[in-house]
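Below, each chain spelled out in residue letters.
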Amino acid sequence: MASRTTLNFPLCYFLVFHGSSDPRSQAAAEALTAEFKQKVSYTSQVSQALGADLKPVALESPLTSCMASPATAIPVNTEQPVVQAVYLECQPLPLHQQIATQLKNLQLPLHVAPIRCVILPVFLLQGVHVMEDIPVQLSLVQPLLGTLVQMTLTPHLGSHPGLRRIITEQMATVPAEVWVLLAHGSRRPGANHPLEVLAEALGAVVAYWSMPPDLQSCLTDLVSQGFTRIGIAPFFLFPGAITDAIAATIRQFSLQTPAVKLTLVQPLNARPELADLLLDLIHK
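Residues numbered from 1 in each chain as written. Predicted model: local features only at pLDDT ≥ 70, side-chain atom pairs only at ≥ 80, totals over all residues. Heavy atoms only, no water.

Q: Account for the layout of surface pockets, with residues named and values stated.
A: Taken as a whole, the largest pocket holds about 840 Å³ of empty space. Along the walls of the largest pocket sit 33 residues, with His 18, Phe 123, His 184, Phe 236 and Ile 242 positioned nearest its centre. Breaking the lining of the largest pocket down by element, the ones donating at least two residues are helix H1 (23–50), helix H3 (128–139) and helix H7 (241–256). Roughly 270 Å³ of volume is contained in the second largest pocket. If you trace the second largest pocket, you find 17 residues lining it, with Gly 158, Ser 159, His 160, Pro 194 and Leu 198 closest to the centre. Every element with two or more residues in the lining of the second largest pocket is listed here: helix H4 (162–171) and helix H5 (193–202). The element contributing the most residues to the lining of the second largest pocket is H5, with five residues. (1 Å grid on protein atoms, 1.4 Å probe; cavity = no way out; pocket = protein on both sides within 12 Å on 5 of 7 lines; lining within 4 Å. Points joined across faces, edges and corners; volume = space filled by probe spheres on them. Helix = DSSP H or I, 4+ residues; strand = E, 2+ residues; numbered from the N terminus.)

Laid out in structure tokens, this is it:
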């Protein structure tokens, strides 16, 4: 039987969000974190009960470990993983300090070292935040800690193929002749390619909020082709200033083209299926 003190499964999970000053986005991030915590805690309990036949979580890109002073090691319940939302922007502390502060607050018996942490980027595109900002911030965590730590960075949420099913279900609720998949867009080379592949699989047209082809030009082109029922699926996690601006743009365009029915569906939001995808990513 596997010993529980070997910690085959991570003790800490940090869900990394972009961060927003909009309270709707903040609430949705916290709701998704709570949903993930419930699911991963249940998985951990089942794993502990089954024992030795389970494999450890597959680790990628482990960071260098560092040893702590014994004074920082205090007891914690090692059978219940710690799950915490942390943010890249719009917080008083930078990401690396948020993570380090949470880890310093853990009270661990000596036999559970190292503290095994999984970092899950809750981002849809593989842009600068995912490929550069988050890894840099994680590299700054280690010098701040007074304990032995091992970190794992998982693939980002947008890389999971299960997103296609979720968006397909959204689209099925609207009788549109054609769909626009609208994303923020990234100027990092190659970052938008997965979105273009997804749009092709969905039979949708791609538009971007921050770069061409933009939403208005895309809608103008579709109307010129004779489409009169157009659905817009925002490839955004949570509601916020940008989704409000998208809705305003669509209302304005509708005033100019009253014969065309435009339907904007909701962003992905904190639906339980996203927590399932995040749980799956820790085994990728």
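Don't stop here, the text continues.
Q: How would you explain the nonpolar core if you had to name every residue and give the values?
A: Formed by 46 residues in total, the largest nonpolar core has its most connected members in Phe 17, Phe 36, Leu 181, Phe 235, Leu 274 and Leu 278. The element contributing the most residues to this core is helix H8 (residues 272–281), with six residues. The contact partners of Leu 181, leaving out residues within four places of it in the chain, are Ile 167, Leu 195, Leu 198, Ala 199, Leu 202, Ala 204, Val 205, Val 206, Ala 207, Ala 233 and Phe 235. Listed in part, the 23 residues of the second largest apolar core include Phe 14, Ile 99, Ala 100 and Val 130. (Core = buried A, V, L, I, M, F, W, Y, C linked by side-chain atoms within 4.5 Å. Buried < 20%, exposed > 50% of the residue type's maximum accessible area, 1.4 Å probe, protein only. Contact = heavy atoms within 4.5 Å.)

Function-wise, these values are silent; they only describe arrangement.
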